[in-house]
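Structure at a glance
Read off the chains here:
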Amino acid sequence: MSEHRRKPPQSRGRRAASSGRRAEPPPAPPPQAPSGESEERAFGSRAEARRAAQRGGRRRAANASAGAAGAESAAEGASGGRRRRAEPSGRKRLIDYPRANKHGVRRWVPSWKQVLGSAVAFFGLLVGLVGLAYAMTEIPNPNELAKQQSNVYYWADNERMVVSGGEVNRQEIPYEEIPEAMRDSVVAAENATFWEDSGIDPMGIGRAVLNMARGGDVQSGSTITQQYVKNMYLTQEQTLERKGRELLLSIKVGAEYSKQDILAGYLNSSYYGRGAHGIQAAAQAYFGIDAADLDPSQAAFLTNVLKGPSLYDPYNLNGELDEGNQQRAEERWRYVLDRRLEVGNLSQAEYDEITEFPDVQEPTPAMEKEGQIGYLTALVDNYLISQDIVPEDKLAKGGYQIHTTFDREKMEQMADAVTEVEEANIDPEARDEDRHVQFGGASVVPGDGAIVAIYGGAGYPEHYVNNADSPNAQVGSTFKPFVLAAAMQEGVRDPEGGPEQERDERIQLSPEAVYLSEDGLKINKYNGDTLLVEDAETGEDGEWHQANFEGGDHGEVTLREAMEVSANSPFVQLGMDIGPATVSKVAQATGLLEDSLGPANDSVPSFALGVSTPGPIRMATAYATFAASGERADPYSVTSVEMPDGSKWEHPNETERAIDAAVADNVNDVLQDVVESDQGSGHRIVEEGFDKPVAGKTGTTDKNNSAWFVGYTPHLSTAIGMWRIADDPEDLREDEEAGFMSMWGTGGNERINGSSLPLSVWLAYMKEATAGDEPTEFPEAREIGETIWGGGAESPPPVETEEPPPPTEPDEPEETEETEESEEPPPPTEPEEPEPDPTETCQPWEIDCDDSSEGGGNEGSDPGTDNGGSEGGEDEGQDGGEDNGGPGGGAIWGREGY
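The numbering scheme is per chain: residues are counted from 1 as the chain's sequence reads. Whole-chain, interface and lining totals are the exception, using all residues; otherwise, since this is a predicted model, local features are given only for residues with pLDDT of at least 70 and side-chain atom pairs are given and counted only at 80 or more. For the side-chain quantities, the full set of heavy atoms in the structure was used; hydrogens and water were omitted.

**Concerning the overall build of the chain**
Counting its secondary structure elements, the chain contains 33 helices and 19 strands. Taking all 898 residues of the chain together, 45% fall into the buried category. Contacts are assigned to residue pairs with any non-hydrogen atoms lying within 4.5 Å of each other. A separation of at least 24 residues holds for 70% of the contacts in the chain among residues at least 6 apart in sequence. In short, Shrake-Rupley with a 1.4 Å probe defines the accessible areas, and a residue's cover is counted only from the protein chains shown. Surface accessibility of the chain: about 46,900 Å² in total, with carbon and sulfur atoms responsible for 48%. By definition, any uninterrupted DSSP run of H or I lasting at least four residues is a helix, any uninterrupted run of E lasting at least two residues is a strand, and each is numbered from the N terminus. Per-residue accessibility, obtained with a 1.4 Å probe over protein chains only, is compared with the maximum for each type, and a residue is labelled buried under 20%, exposed over 50%, and partly exposed between these values.

**Concerning the packing of helix α10 (residues 224-233) against helix α12 (residues 259-269)**
To define axes, lines are fitted to C-alpha atoms, for helices over the stretch in contact only, and angles between the resulting N-to-C directions are given on a 0 to 180 degree scale. Between α10 and α12, whose axes approach to 9 Å, the crossing angle comes to 55 degrees. Taken together, α10 and α12 sit at an angle that is classed as oblique. In the packing of α10 onto α12, the handedness of the crossing is left-handed. Between α10, through I224, T225, Q227, Y228, N231 and M232, and α12, the contact on the second element is made entirely by K259, I262, L263, G265, Y266 and S269. Here the residues of the contact of α10 with α12 are counted per class, giving six nonpolar, five polar and one charged. Just so you know how the angles are binned, under 35 degrees is roughly parallel, over 145 roughly antiparallel, 65 to 115 roughly perpendicular, and the rest oblique. Left-handed describes a crossing whose near helix is turned anticlockwise from the far helix by less than a right angle; the clockwise case is right-handed. Nonpolar residues are Ala, Val, Leu, Ile, Met, Phe, Trp, Tyr, Cys and Pro. Charged residues are Asp, Glu, Lys and Arg, and all others, Gly as well, are polar.

**Focus: the sheet that holds strand β2 (residues 160-164)**
At least two DSSP bridges between two strands are required for those strands to pair. One open sheet accounts for five strands, arranged β2-β1-β3-β13-β14; its pairing is mixed. Two strands in the sheet have a free side with no partner beyond their single neighbour: β2 and β14 (648-650). Adjacent strand axes in the sheet meet at a mean angle of 15 degrees when their direction is disregarded. Pairing between strand β3 (residues 401-404) and strand β13 (residues 638-642): four bridges, direction antiparallel. The residue bridging I402 from the neighbouring strand is V641, located in β13.

**Digging into the pattern of salt bridges**
Any carboxyl oxygen of Asp or Glu within 4 Å of a side-chain nitrogen of Lys or Arg constitutes a salt bridge here. With the rule as written, the count across this model stands at 21 salt bridges. Between R560 and E512 there is a salt bridge, with the nearest N and O atoms lying 2.9 Å from each other. Remark: E512 occurs in the loop between α21 (480-489) and β6 (514-516) and R560 occurs in helix α22 (residues 559-565); sequence separation between them is 48 residues. Through salt bridges with shared partners, a single network forms among E512, R560, D669 and D673.

**Quick notes on the pairing of strand β18 (residues 717-724)**
Most of β18 sits inside the fold, with eight of its eight residues counted as buried. Burial along β18 is two-sided: the residues S717, A719, G721 and W723 and T718, I720, M722 and R724 are all buried. Where strand β4 (residues 437-444) lies against β18, eight bridges are found, and the strand directions are antiparallel. Each bridged residue has a counterpart across the sheet, and for F439 the counterpart in β18 is M722. Summarising the sheet, strand β17 (residues 706-712) and β18 pair through seven bridges and their orientation is antiparallel. Each residue of the ladder has a partner; that of S706, found in β18, is W723. Hairpin connection of β17 to β18: four residues between the antiparallel strands.

**A short note on unusual backbone geometry**
Only a minority of non-glycine residues have a phi that is not negative, and only a minority of peptide bonds are not trans. Residues other than glycine seldom take positive phi values, yet H436 does so here, at roughly 65 degrees. Looking at the secondary structure, you find H436 in the loop between α20 (408-425) and β4. Positive phi, normally seen in glycine, also occurs at S629, with a value near 55 degrees. Topologically, S629 is positioned in the loop between α25 (616-627) and β12 (631-632).

**A closer look at the packing of aromatic side chains**
Paired rings are identified among Phe, Tyr and Trp, the last through its six-membered ring, by centres lying within 6.5 Å, and are further divided according to the angle between planes into stacked (under 30 degrees), edge-to-face (over 60) and tilted (the rest). Applying the stated criterion across every chain, the model contains 15 aromatic pairs. Considering the side-chain rings of W333 and F357, the 5.6 Å spacing of their centres and the 80 degrees angle between planes classify their relative orientation as edge-to-face. Placement of the pair is W333 in helix α16 (residues 323-343) and F357 in the loop between α17 (348-353) and α18 (372-386), with a sequence separation of 24 residues. Each of the two residues, W333 as well as F357, counts as buried. Pairing F690 with W762 gives two aromatic rings, centres 5.7 Å apart and planes at 50 degrees, and the pair type is tilted. Of this pair, F690 sits in the loop between α27 (684-687) and β16 (695-700) while W762 is found in helix α28 (residues 757-769), placing the two residues 72 residues apart along the sequence. Take F690: its relative accessible area is 10%, and that puts it in the buried class. Ring pairs connect the aromatic residues F479, F482, F607, Y623, F626, Y712 and F778, which therefore count as one cluster. The rule for a charge over a ring is simple: NZ of Lys or CZ of Arg within 6 Å of the ring centre, and within 35 degrees of the ring normal. A cation over a ring is seen here: R493 above Y526, with NZ or CZ 4.2 Å from the ring centre.

Listed below in structure tokens is the structure:
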């Protein structure tokens, strides 16, 4: 019976069959139980035995409980286990996404394993692509891509003027000849990890990006290797493609070239300014020595200019010392030394020995730019850079075809005119007063602005500063036309109003307005109050009394007459009535630059006398605005540029209304009188037979430090200046001082006025330069403004009509006219009697009779006018004597202005 009870119950078999599942085979017999225990004690039930078999024996079956409750519980467990196994197991997917056994949002959220795996896969793919690109990248031939070109400059007629520099100014030197101080300075300042990095610096790039994201200074994050690659193999364009190529090439170059070769290549290929490519050319350009001889201080400076020559070269493009650049250069120089100390390639003892900023020499031009050509190319280069047409570093690398406005024939004519006058009058060997004499000149086309000719000085390399551009010489009385233009354009202020007045509150003047020209005239404010000006020597305020040249005094004169004789006091008072700030505004509108005009306020009465320093180009431009009836065209020297990439830039022809046409035409009319009037300071132009309509003005400054003539036809405006100043302080003698020197005695003259040698140069040049021009007349001047009596002038207009006839003479003609009217009815009897009376009485004293006759009276009034002319002639003779017999020259009344 016990064996029968051990058989599996039939019910279980039926349930298994009914469920459609095959009964599983019985589990393997368990191991022999210890004595005293049965099989049921080992497994408890067949279900547990099956589960134990499925687990592979890893888990021991628990002792089955005896009795019906234990068997029933085991049976339920067995049936439950079969229900879980009934679910299909399924095949595991390669990418479990969307995720199985997850519900809702979690089903679509990737697991950390999936995220990590995706990142690894992407990185691997990226590395593979970079590796492929790296393998396909080839290092170009640096000798071909680094080959530099020259810039070609053309005359206005498209004939070649000069090829600037020929081959690029660069001499490569080996690594060993580059001083250690230079190598260490560049590494410390630009790429401290250079000796360890692989060609790129990810941390540096990251820092640069982070700094820019925070709003800091723009940084490149480039290593020295990257900069070398960019200089030697790539363009300077800022694109992602170029940056990607730079990174790949940098890695490849870093792997295939030694650090020494890369550093030497970088220093030999970089641009340092002054046309110098490479460290050797830079050492010569800034210090006049070989690179091998550079000391640590000089090396730190050259590291500066690598970052931007236009910012850290103490001298600007005109060869003049720039205070802003000097300050930046010194600050950056100290930064480089501090970085060397911080990085550790400069000891504290060596650092302490470097106390002075190095002595940087003035720029020296290339020899192919000798003569006026150097001034022309410098003027063009400055224009291209200042107008943002071509960056300085790209212009230095070359490849540009530059077409200029310069007329080769007019350039030669201006140079010949200066040479002619110098050879005839200036002899430094004979007279000390002839030492350091300089001329500057420029011609501009009215209504266009094209600079057709300049005279910049004795020529490169003897004289570096371009005298045509910004010689800093005061322009004297040639500034007075701007005061006159302001009086007509803006007007004088209402004495009852405040110092700041709008145009409609002012009185616009006519050129016939009358002012007092007294020598030593007390200058008042616009409202009549006494003007007090601080004395430069004592520091105390005092009255301003304006002197005229050699004490000349013309009494009450119109503004037209004051311009003709160049009287000072009327224009100083007129300038105060208008306001120097307003005069400055009008001068700027015509073409002068604000920074060349100096302080312009009511405390500077001398502003009207030309203490400003615009230079010949700007003076010719401003006068050209008058010639063009008030239309200003800014000066320019370049008509077009053909870029290395095949693109082309062309100058836009634009003009702007600067002043009213009526104002400009009246200025022209007044300045024509300066030339045509017998008492005009420029009358010598007419006397020497110039056959074109001309308007112009002379100018002489205080202490005779400079003299000018600026004149123009409707076709050409030309400014000529003259002064004395040493090019080099070492050229000064013990009795000579630096800066502008007086021209008393220069050329054998008592003094140099604008009507003397400057006018001689102007005449010699303009006769040739305008020979082919039509004798075009200036537009007729219309009446403008009001005629007032200002500046101390009190005489009303009727006074002029009372002066010619004496008090007794007007009564006699009136009585005569009355008798003639009464004698008209009986003409037959009286005509016969008077005829013999005059003939009989006049014969004994014919001369007296002629003077007292009506004909004589007419002659007497005409000679009265001629008398004035003869007086003017006497004054002209005196002035001519001062100017060595110059006929009617310059300061006819001795009023050239200071």
